[in-house]
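# Working through the structure, step by step
Residues per chain are reported as follows:
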Amino acid sequence: MPPADPYLSLAGITKRFGQFTALDRVSLDVPSGSLVTFLGPSGCGKTTLLRIIAGLETQDEGSIVQGGRDISRLPAIKRDYGIVFQSYALFPNLTIFDNVAYGLVNRRAGREKIRSRVAELLKLVGLPDVGRHYPGQLSGGQQQRIALARALATSPGLLLLDEPLSALDALERVRLRAEIRALQQRLAVTTIMVTHDQEEALSMADHIVVMSRGRIEQVGTPQQIYREPATAFVADFVGKVNVLAAVAQGDGRIKLGDLVLKGGGGSERLPAGTAIKLYLRPEDVVVNGDARDHPNGASASVQKIEFLGAFCLVTVTLAGAPTQPLLVNLPRQSLDRMSLAVGAPLSVGLPCECMRLL
Amino acid sequence: MNTSAAGVARSLPVPPHGRVKPVVDGQRRIAQALLIVACAALVVFLLAPLAAILVKSVQDKDGTFAGLGQFRAYLQSGALLESAWNTLWVASVVTLITIPLAFTFAYALTRSCMPGRQVFRLIALTPILAPSMLAAISFIQWFGNQGALKVLLMGHSVYGPIGIIISAVYAIFPHALMIVITALLLADRRLFEAAESLGTSKWRKFFTITLPSARYGLVSAAMVVFSYTVSDFGIPKVIGGNFHVLAIDIYQQVIGQQNFNRGAVVGLILLLPVVLAFIVDAYMQRSQQSQFSSRAVPYAPRPSRAFDTAMFVYCAIIAAFMLAVLGMAIFTSFIKLWPYDLHFSLRNYVYGLVDGGVIDNYFNSVKLGFLTALFGTLLVFVTAYLIEKMRGMNATRGAIRLLAAIPMAVPGMVLGLGYIFFFNEPRNPFHFLYGTMAILVLSTIIHYYTSSHLTAVTALKSLDDEFEAVSASLKVPFYKTFARVTMPVCLPAILDIARYLFINAMVTLSAVIFLYSPDTKLASVAIVSLDESGEIGAAAAMATLIVATSTAVCIVYALLTRVLLRRTQAWRAPASD
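## Details of the overall build of chain A
Scanning chain A for helices and strands turns up nine helices and 20 strands. Taking the principal axes of its C-alpha atoms as reference, chain A extends roughly 75 × 45 × 35 Å. By the burial criterion, 46% of the 358 residues in chain A qualify as buried.

Below, the structure is given as structure tokens:
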């Protein structure tokens, strides 16, 4: 169901660079006050789409309506948005105060008004005391907070974030993504964020737009994207997934190597003999105790254990399908409890409600 | 969050639109207009004059089409072949001498721990401050008919190839040196450390790391030296004697015999080796691109007594030689009459320059320097900004990029010749410029455009590409951001360009020799005419004035970059994290 009142509507956006089609008839509605991420590998067109929304590139075809106004042909300076770039793009020769006030000064607001607004913004991003510093004196994360304050200074209707966290170190990235999300929800500003980091997209977004090769693969909530990937690309790109070759039996069951399993939703509609790909998340596989009486149980042995901290990624070989190794995600404690080691036997269950057949 | 409000990819087909044409707003229109003006300026003041030479070269004296008749006639004269041969072999010898000298000097400055590296560097750069004729005058004093060290030449005359070669080596040395230093500084310390950990010998490191990584710089320097020597007019004019080179031929055809068409032919022939050198250099530069990562760790030399001493001795000899050349010119300007009366006197300045009114030429040069620095910097920087930071109008921007690279490959004499042909044409709407200071300023800006342009582009490229996007999102027009951010951040580069243009305007001769009028005669031209009339003392005095002025400008520049920048560019202070 399309929302009744999208703040931003893209219709048939197409962009070509010479022979290369960067965007192919992209249409999308962004609900008011939501945070939408464009997620995809590099070259999928997500940044181009953001720049077209910003008026920094011009689409070859298609229209953009923002807040009821057709902005398709407007130059960037006539549109209503704030933008934050991966490189921060703070003006190095201006103080933090002047950077944040940059757009305010131009609106001929009174000096006192500007001062209080900048102070308010600096407080908002948690850096109330840095007004007299220069950007070069701040850390990357601090600079990006200032860039955010500058983008929000003029209270734009739309906030555009172009890979805002990619230049930061891992800890700062996690901290800042929570801050940005909290700020965005507090101000209820419609926000579009471009990212190639699925974790970022999953943790921050109301809706994720997964893109590939200039097209939208799927739009959905993080839950929908992760649990019900609409295409093989989405399943592959978001999260880790087992891709197993199987053959439909025609009765809702599928054959994986020598194993006959109950298939997931829709498998009963497949005619017998159809070659299918079975998608199953490593964390959905159940092992040992839980797998004993599992309808889709199978015996297997541990081939490799990759220690990841809280979790371990265990590669197991199914006795019935030895050529297709299966990844299983297990908490470290359960691994310890079962004292699993390479070569150890174990039983696994492949829950049919978690399978996707694509 | 209510999931029913999900953003949805609409599957409905969208009615076909025409190609979207963005609305052009006022500030964008300004940028576009400026771009067009810049492009037009380069076409009128660079391309059109060069085209005029082409046209003139295939016409006879009456202006009727003569095909390649002029070329044929000149090629058959034999005189051309001799000049062309002379030009080529002299330039080759100068290159073969200068490059090893400059490389060793640069190596000493960058790879040794000898004392006085800064002083040596400064001394080696002094020839830049002087017109090339200064070297010629000085060598006449040292080795001429009444020269102090004439015996060293063992009967050979300094007038001719010997004089041209040593003067050119002196004058071009700093240009080669700077290029080679830059190339040597590019070396990555990690390569040397890796070699060391593998137990590589010093010599092997030199031949497998140092030389290969400096290779492109050496070729580039060689091309610059070669082009400079081929194009230079002042040195052969003063010390060449009866030894003919192409630059002299052009001058004689145009000024002596008023044979413009034949001048055009020689000009085109002079253009050939320089364009060839330019192409070789451009080709080498392109293949260099991927050689170094920008994350290279700079090389830090370690002290080595024997090596440092050897390098110190070498640099001291070169520096002494440089100071001897400059010193002799200055000395000549302050004595009564060489070699008979060596007492101190201001006679050359007072009688030679002031009383004769020749001093006006000096003031013209200073004026030219300031105007060139002011308008040249403005034109170069704004143009570079527009092509680097504006979007759209790709064809125009590409054309400007191409045009900006051309002046490097055009000898000053050829440019000056083109200006005569183009602007002296009464039907040309710009004819009014002919004989004015404006045409001198314009030709000088164009003559030195390429280096200035590259400096500006490098500075602009180091700025974040998104400044313009950010200011558009904040609804600040681009010109405000240009004034508030771009210019202040690029101030060092802007000052550098201004200084470069000023100094070159002070010393340039080859383009302006065709373009001055009695009212706008320049100091460099005055040196040539004073020398022609045998007043070598006054010529030396004029050269000394130029050196003093250029030095003063360099000092002002150094002070500006230190004092003023320290005050206005507090943000350059190192980060405190």
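From this point, the discussion proceeds with the structure in view.
## Quick look at the sheet that holds strand β14 (residues 275-280) of chain A
Residues and elements named next belong to chain A. Ordered in space as β13-β12-β11-β14-β20, the five strands form an open sheet in which the pairing is antiparallel. If you trace the sheet from one side to the other, it starts and ends with β13 (259-262) and β20 (356-357), each paired once. Note that strand β11 (residues 242-248) and β14 share six bridges and pair antiparallel. Each bridged residue has a counterpart across the sheet, and for Ala246 the counterpart in β14 is Ile276.

## Remarks on the domain arrangement of chain A
Taken domain by domain, chain A consists of domain 1 (6-237) and domain 2 (242-357). Taking the mean C-alpha position of each, domain 1 of chain A and domain 2 of chain A sit 39 Å from one another.

## Comments concerning the pairing of strand β4 (residues 61-66) of chain A
Residues and elements named next belong to chain A. Side-chain alternation along β4 places Gly62, Ile64 and Gln66 on a buried face and Glu61, Ser63 and Val65 on a face that remains uncovered. Sheet analysis places strand β1 (residues 6-17) next to β4, joined by five bridges and oriented antiparallel. Residue Thr14 lies in a different strand from β4, and its bridge partner there is Glu61. Sheet analysis places β4 next to strand β5 (residues 69-70), joined by two bridges and oriented antiparallel.

## Re the nonpolar core
Residue and element names in this part refer to chain B. Ranked by internal contacts, the top residues of the largest apolar core, which has 287 residues, are Ile137, Val180, Met542 and Ala543. For this core, the element with the most residues is helix α6 (residues 161-185), which contributes 16 residues. Not counting residues within four places of it along the chain, the set of residues in contact with Val180 comprises Ala102, Phe103, Ala106, Ala214, Gly217, Leu218 and Ala221.

## Considerations on the packing of helix α3 (residues 79-111) of chain B against α6(B)
Residue and element names in this part refer to chain B. Running from N to C, α3 and α6 cross one another at 40°; their axes reach a closest spacing of 7 Å. Our classification of the angle between α3 and α6 gives oblique. Note on packing geometry: the crossing formed by α3 with α6 is right-handed. Looking at the contact of α3 with α6 residue by residue, the classes come out as 25 nonpolar, two polar and one charged.

## Let's talk about the confidence of the model for chain B
All names here are of chain B. Mean pLDDT over chain B stands at 88; residues scoring 70 or higher make up 93%. Summarising per-element confidence for chain B, the mean pLDDT is lowest in helix α2 (residues 69-76) (81) and highest in helix α17 (residues 437-447) (97). Listed scores for the predicted complex are pTM 0.88 and ipTM 0.85.

Procedures and definitions
Along each chain, numbering runs from 1 in the same order as the chain's sequence is written. To label them, take the chains in the order written and letter them from A, then take the ligands in the order written and number them from 1. Totals for whole chains, interfaces and linings use all residues, but because this is a predicted model, local features are given only for residues with pLDDT of at least 70 and pairs of side-chain atoms are given and counted only at 80 or more. Each helix is a run of DSSP H or I of at least 4 residues and each strand a run of E of at least 2, with the numbering of both proceeding from the N terminus. Here a residue counts as buried when 20 or more other C-beta atoms fall within 10 Å of its C-beta, as exposed when 12 or fewer do, and as partly exposed in between; the C-beta atoms come from the backbone. When DSSP finds two or more bridges between a pair of strands, those strands are recorded as paired. Reported domain spans reflect what an automatic or database domain assignment gives. Definition of nonpolar core: a set of buried Ala, Val, Leu, Ile, Met, Phe, Trp, Tyr and Cys residues joined via C-beta atoms within 7 Å. Placing C-beta atoms from the backbone, we regard two residues as in contact once those atoms come within 7 Å. Here the axes come from fitting lines to C-alpha atoms, over the contacting stretch only for helices, and the angles between their N-to-C directions go from 0 to 180 degrees. For classification, angles of less than 35 degrees are called roughly parallel, those exceeding 145 degrees roughly antiparallel, those between 65 and 115 degrees roughly perpendicular, and all remaining angles oblique. Crossings are assigned a handedness: left-handed for a near helix turned anticlockwise from the far helix by less than a right angle, right-handed for a clockwise turn. Each residue receives one of three labels: charged for Asp, Glu, Lys and Arg, nonpolar for Ala, Val, Leu, Ile, Met, Phe, Trp, Tyr, Cys and Pro, and polar for the others, Gly being one of them. The predictor attaches a confidence to each residue, called pLDDT, with possible values from 0 through 100.

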